[in-house]
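Chain by chain, the residues:
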Amino acid sequence: MIRSELVARIAAQNPHLYARAVERVVGAILERMTDALAASDRVELRGFVAFSAREMRARTGRNPRSGDRVEVAAKTAVHFRLSKTMRARLNHQRPR
């Protein structure tokens, strides 16, 4: 599901809300999550997923096409972990 589909689905389930208002709310939530991750804070949506920013160290990689060694710079990446409830739902199991 992409952002526009999410907005459309929420607007359809809540006919008393304008789609433009739903779009602003979804945008505000995602913007706040982005700001928190940029500040190295953890973002947790209970029963769904937890996001955190992790520092990746510099390393030597390989160009898959030529096989040449390439220096990969240090960077920050987003790590996510599914909740037990979501993992159970995806694997068609009852949550414990």
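To be clear, the structure that these remarks concern was listed above.
This section reports on the structure supplied with the text. All figures in this text were calculated on a predicted structure; none of them were measured in a lab.

### Quick word on the overall build of the chain
So, step 1. From N to C terminus, the chain includes three helices and five strands.
So, step 2. The secondary structure elements of the chain, listed N-terminal to C-terminal, are α-α-β-β-β-β-β-α.
So, step 3. Taking the principal axes of its C-alpha atoms as reference, the chain extends roughly 60 × 35 × 30 Å.
So, step 4. Within the chain, residue pairs in contact and separated by at least 24 positions form 28% of the contacts whose partners lie at least 6 positions apart.

### Describing the layout of surface pockets
So, step 1. Within this model, the largest pocket holds a volume of roughly 420 Å³.
So, step 2. Lining the largest pocket are 13 residues; nearest its centre among them are Leu6, Val26, Leu30, Leu45 and Phe48.
So, step 3. Listed by contribution, the elements that provide at least two residues to the lining of the largest pocket are helix H1 (3-13) and helix H2 (19-38).
So, step 4. Within the lining of the largest pocket, the residues separate by chemical class into 13 nonpolar, no polar and no charged.

### Looking at the sheet that holds strand S2 (residues 49-56)
In any sheet, the strands associate via hydrogen bonds between backbone groups, in a parallel or an antiparallel arrangement.
So, step 1. The antiparallel open sheet is built from three strands, whose spatial order is S1-S2-S5. Either end of the sheet is taken by a strand with one partner, and the two such strands are strand S1 (43-45) and strand S5 (75-82). Along the sheet, successive strands turn relative to each other by an average axial angle of 25°, direction set aside.
So, step 2. Sheet topology note: the S2/S5 ladder contains eight bridges and is antiparallel. Each bridged residue has a counterpart across the sheet, and for Ser52 the counterpart in S5 is His79.

### Concerning the pairing of S2
So, step 1. Two strands pair when backbone bridges link them, and S1 and S2 are joined in this way by three bridges, in the antiparallel orientation. Bridge pairing in S2 links Val43 to Phe51.
So, step 2. Adjacent in sequence and paired antiparallel, S1 and S2 are bridged by three residues, among which Gly47 carries a positive phi angle near 80°.

### Looking at unusual backbone geometry
So, step 1. Phi is positive for Ser40, close to 65°, though the residue is something other than glycine.
So, step 2. Take Ser40: it is sitting in the loop between H2 and S1.

About the criteria used
- Residues numbered from 1 in each chain as written.
- Predicted model: local features only at pLDDT ≥ 70, side-chain atom pairs only at ≥ 80, totals over all residues.
- Heavy atoms only, no water.
- Helix = DSSP H or I, 4+ residues; strand = E, 2+ residues; numbered from the N terminus.
- Contact = heavy atoms within 4.5 Å.
- 1 Å grid on protein atoms, 1.4 Å probe; cavity = no way out; pocket = protein on both sides within 12 Å on 5 of 7 lines; lining within 4 Å.
- Points joined across faces, edges and corners; volume = space filled by probe spheres on them.
- Nonpolar A, V, L, I, M, F, W, Y, C, P; charged D, E, K, R; others polar.
- Pairing = 2+ DSSP bridges.
- Axes fitted to C-alpha atoms, helices over the stretch in contact; angles between N-to-C directions.

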